[in-house]
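Architecture at a glance
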Amino acid sequence: MASLPPPPLPSVSPPVLPYVVALADDLSGAAETACALGGPVRLSLNAADVAETAAAHDLVVDLDTRRQPSAEAAYAVRTALRAAQAGPPRLLYKKVDSQLRGNLAAEAAAYAEGATAVVIAPALPAARRTVTGGVVHVNGVPLHRTDGWRAERASAPRSLAEALSGLPVRTVPLDVVRSEPAALDAEFRRIAASGAHPAPDAETDADLDAVAAAALRLGPGFRLLGSGGLAAALGRTLLRPAAVAPPPTPARDCTPLLFVVGTAEPGAVAQIAHLTALGAHHVPLDPADLAAGTVRLPRTAAAAALTVLSIDGSAGPRPGAGRALSTALGALAAAYPGRPDLVLTGGETARTTLDALGIGELEPLGEIHHGAVHSRTPDGRHVVTRPGSHGAEDSLLRITVALRPRPAASAAAV
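Now for a look at the structure at hand. (Residues numbered from 1 in each chain as written. Predicted model: local features only at pLDDT ≥ 70, side-chain atom pairs only at ≥ 80, totals over all residues. Heavy atoms only, no water.)

**Here we look at the overall build of the protein**
Applicable threshold: Think of it this way: any DSSP run of H or I at least four residues long counts as a helix, any run of E at least two long counts as a strand, and we number them from the N terminus. Any two residues whose heavy atoms approach within 4.5 Å at even a single point are treated as in contact. Method for areas: the Shrake-Rupley scheme with a 1.4 Å probe, in which residue coverage is limited to the protein chains shown.
Counting its regular elements, the protein contains 15 helices and 18 strands. Nonlocal contacts in the protein, meaning residues at least 24 apart in sequence, comprise 73% of its contacts between residues at least 6 apart. When the accessible surface of the protein is split by element, carbon and sulfur atoms take 57% of a total near 17,600 Å².

This is how it looks when you write it as structure tokens:
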């Protein structure tokens, strides 16, 4: 008698992995992470929202700890982590600066509490920031030999191990990152068993994809910590529904557009020059007057369709003064008449401006270019946030064209 064929195997749908809670240390990085994750997302400026019980979306929270004292920053991370773990099951992600600024050591140590290991990968290939030999490189130059820390009180660290002093880390070289998945998993396990945390080298998005996939295979005890590059790799690795495309944005050509440039990056001067060529009214602000609260905007500024407020950096950076100047600049921007849409460069400037306006949540609509995230406020105002260190010379021009295509095209043709 002929044997019967075996019964068909039941169809198995690919597992849907849980959503993410991402903790960021500044607002522009939080917005970048929200777009990078790629799924349905809520972006909050309120640390208490980590405790929300809804689990149908990613949640990115700006803890606003970049300039806090290190003990306060660690406490904020520890508190948010505890709240996240008390809610529905979610994957944890810690967003840090790709140039290692802020309270990296204190926040990473707090984030590591209770974890099997933290996988540390701050590379951001889209911005030409890579990690080789445990050293962050910017455009191929070791971070400590660049001017990326010009506005900081301290010098840039020479390695991830130095930046994370007090937290034992072990470099995972590129050949291991690019090896078979089982070999990378085994190396992560070996490092964790030694009481240290793996810090894999990465030069490409494919490297970061391998890192994120390994951490997911090893389970929730292996937490991810990195820049927007690793967040994007995590988003590509997870199996979740894509974010629902927002409805088309109505034309807002008659709404004023206010640029608030709070970055100390030298490239900001050239970026602003592109806008003044379009007829934007540029108001450079003296840092001393801004800090003293004696700045008064000229009436011509309020009448312009495009206005740029920036801190005059001709005297050089003012290390340690960033928060006070950002707070004063944010208050000035919030008082600007006419409810303009906003373009905010620098995470501190973005946060202090939205705090002054009482805005506690953003709805990300998409990226205009890498790091320049277009969002909408609950009351319908449009806001673009961008890290100060991101963007080419035409960054602000590209943002203008995206938000005001007709006026920008008309001005450019004159």
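**Focus on the packing of helix α7 (residues 205-218) against helix α8 (residues 228-237)**
Axis angle and axis distance: for two packed helices, these are the angle between their axes and the distance between the axes, and together they describe the pair. Going by this rule: Axes, fitted as lines to C-alpha atoms, cover a helix only where it is in contact. Angles between the N-to-C directions of the axes lie from 0 to 180 degrees. When the near helix sits turned anticlockwise from the far one by under a right angle, the crossing is termed left-handed; a clockwise turn instead gives a right-handed crossing. Classification convention: Asp, Glu, Lys, Arg as charged; Ala, Val, Leu, Ile, Met, Phe, Trp, Tyr, Cys, Pro as nonpolar; all other residues, Gly among them, as polar.
Relative orientation of the contacting elements α7 and α8 amounts to 60°, with a least axis distance of 8 Å. Every pair of crossing elements has a handedness; the one defined by α7 and α8 is right-handed. On the side of α7, the interface is formed by D205, L208, D209, V211, A212, A213 and L216, while α8 contributes G229, L230, A233, L234, R236 and T237. Looking at side-chain class alone, the contact of α7 with α8 contains 8 nonpolar, 2 polar and 3 charged residues.

**Digging into the pairing of strand β3 (residues 58-62)**
How we decide: Each residue is placed in one exposure class: buried if its accessible area under a 1.4 Å probe, protein chains only, is under 20% of its type's maximum, exposed if it is over 50%, and partly exposed if it falls in between. Strand pairing is assigned whenever DSSP identifies at least 2 bridges connecting the two strands.
Counting buried positions along β3 gives 5 out of 5 residues, so the element sits mostly inside the fold. Of the two faces of β3, the one lined by D58, V60 and D62 and the one lined by L59 and V61 are each fully buried. Of the pairings in the sheet, the one linking strand β1 (residues 20-24) to β3 comprises 4 bridges and is parallel in character. Bridge pairing in β3 places L23 opposite V61. In terms of strand pairing, strand β2 (residues 41-44) meets β3 through 4 bridges, oriented parallel. Each residue of the ladder has a partner; that of R42, found in β3, is L59.

**Some details on the nonpolar core**
Our working definition: Residues belong to one nonpolar core when they are buried, are Ala, Val, Leu, Ile, Met, Phe, Trp, Tyr or Cys, and are joined through side-chain atoms within 4.5 Å.
Membership of the largest hydrophobic core comes to 96 residues, with the highest contact counts inside it found for I120, F188, L230 and L354. Setting aside residues no more than four positions away along its own chain, I120 makes contact with L160, L164, L167, V169, H197, P198, A199, P200 and L225. If you look at the next biggest cluster of nonpolar residues, it comprises 16 residues, including A268, A280, V384 and I399.

**Considering unusual backbone geometry**
Although it is not a glycine, D64 sits at a positive phi angle of roughly 55°. Within the secondary structure layout, D64 lies in the loop between β3 and α2 (70-86). For D64, a relative accessible area of 13% corresponds to the buried category. Unusually for a residue other than glycine, N139 sits at a positive phi of about 55°. By the element assignment, N139 lies in the loop between β7 (135-138) and β8 (141-142). Exposure remark for N139: the relative accessible area of 46% places this residue in the partly exposed category.

**So, the pattern of salt bridges**
Let me state the cut-off plainly: Every case where a carboxyl oxygen of Asp or Glu lies within 4 Å of a side-chain nitrogen of Lys or Arg is listed as a salt bridge.
Scanning the model with the defined rule gives 23 salt bridges in all. Between D379 and R339 there is a salt bridge, and its shortest N-O distance comes to 3.0 Å. Within this pair, whereas D379 is found in the loop between β17 (372-376) and β18 (382-386), its partner R339 is found in the loop between α12 (322-334) and β15 (341-345), the two being separated by 40 residues in sequence. Each of the salt bridges in this network shares a partner with another, and the network as a whole consists of D25, D26, R66, D97 and R101.

**Quick look at the sheet that holds β8**
Spatial strand order, β6-β7-β8: 3 strands in an open sheet with antiparallel pairing. Across the chains shown, the open sheet's two edge strands, defined by having one partner strand only, are β6 (129-132) and β8. Pairing analysis gives 4 bridges linking β6 to β7, with the strands arranged antiparallel. Residue T132 lies in a different strand from β7, and its bridge partner there is V135.

**Observations regarding helix α1 (residues 27-37)**
By the criterion of burial, α1 is predominantly enclosed, with 9 of the 11 residues buried. All of the buried residues in α1 are L27, S28, G29, A30, A31, E32, T33, A34 and L37. Count one or two residues on from α1 and you reach G38, which has phi positive near 80°.

**Some thoughts on the packing of aromatic side chains**
Applied cut-off: Note on aromatic contacts: the rings of Phe and Tyr and the six-membered ring of Trp form a pair at centre separations within 6.5 Å, being stacked when their planes are under 30 degrees apart, edge-to-face when over 60 apart, and tilted otherwise. Comment: the charge-over-ring label is applied if NZ (Lys) or CZ (Arg) is within 6 Å of the ring centre and within 35 degrees of the ring normal.
One pass over the structure, following the stated rule, counts 0 aromatic pairs. Of note, R223 hangs over the ring of Y111, and the distance from its end group to the ring centre comes to 5.9 Å.

**Topic: the pairing of β17**
Judged by how many residues are buried, β17 sits mostly within the fold: 5 of 5 residues are covered. Of the two faces of β17, both are covered, the one formed by A372, H374 and R376 as well as the one formed by V373 and S375. Relative to β17, strand β16 (residues 361-369) is paired through 5 bridges, and the arrangement is antiparallel. The residue bridging H369 from the neighbouring strand is A372, located in β17. Where β16 folds back onto β17 in an antiparallel hairpin, the turn is made up of 2 residues, including G371, whose phi is positive at roughly 90°. The sheet contact formed by β17 and β18 spans 4 bridges and is antiparallel. Along β18, the bridge assignment pairs R376 with H382. Between β17 and β18, which pair antiparallel in sequence order, lie 5 residues; one of them, G380, sits at a positive phi of approximately 95°.

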